[in-house]
Amino acid sequence: MPSSEAAAALGQSLSRIYGPEIALRYYDLNDPEVQTAHAETIAELRQDRLPFPAIFLDGELIYAGAINLLRVLAAVGRAYGHR
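Residues numbered from 1 in each chain as written. Predicted model: local features only at pLDDT ≥ 70, side-chain atom pairs only at ≥ 80, totals over all residues. Heavy atoms only, no water.

(A) Representation of the nonpolar core. Formed by 13 residues in total, the largest nonpolar core has its most connected members in Leu14, Ile62 and Val76. The set of elements that each furnish at least two residues to this core consists of α1 (3-18), β1 (54-57), β2 (60-64) and α4 (69-81). Broken down by element, the residue count for this core peaks at five residues, all from α4. Residue contacts for Leu14: discarding those within four places in its chain leaves Gly19, Ile22, Leu24, Leu73 and Val76. (Core = buried A, V, L, I, M, F, W, Y, C linked by side-chain atoms within 4.5 Å. Buried < 20%, exposed > 50% of the residue type's maximum accessible area, 1.4 Å probe, protein only. Helix = DSSP H or I, 4+ residues; strand = E, 2+ residues; numbered from the N terminus. Contact = heavy atoms within 4.5 Å.)

(B) Fine view of the pairing of β1. Going residue by residue along β1, you find Ile55 and Leu57 tucked away on one face and Ala54 and Phe56 left uncovered on the opposite face. Of the strand pairs in this sheet, β1 and β2 are connected by four bridges, and their pairing is antiparallel. Looking across to β2, one finds that Leu57 is bridged to Glu60. Counted between consecutive antiparallel strands, the loop separating β1 from β2 contains two residues, among which Asp58 sits at a positive phi close to 55 degrees. (Pairing = 2+ DSSP bridges.)

Honestly, it's all geometry; don't read function into it.
Below, the structure is given as structure tokens:
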């Protein structure tokens, strides 16, 4: 499943679980505006050899790699629970 479709499914699940408290923003790295706006973060992820997509909660990296709905929801739950 393409990342954009997986992100949409993830966004729906997050909305059902957390309501408006957690919002998903999907950034397509093929978009030159996204590349420019997030160049530092992209460079840091590449330097650390982390896979894309990367998922952040309040600016903290909580998951990197192919979107597996259950694993991502678990990572969000752990990170959100620590706030």
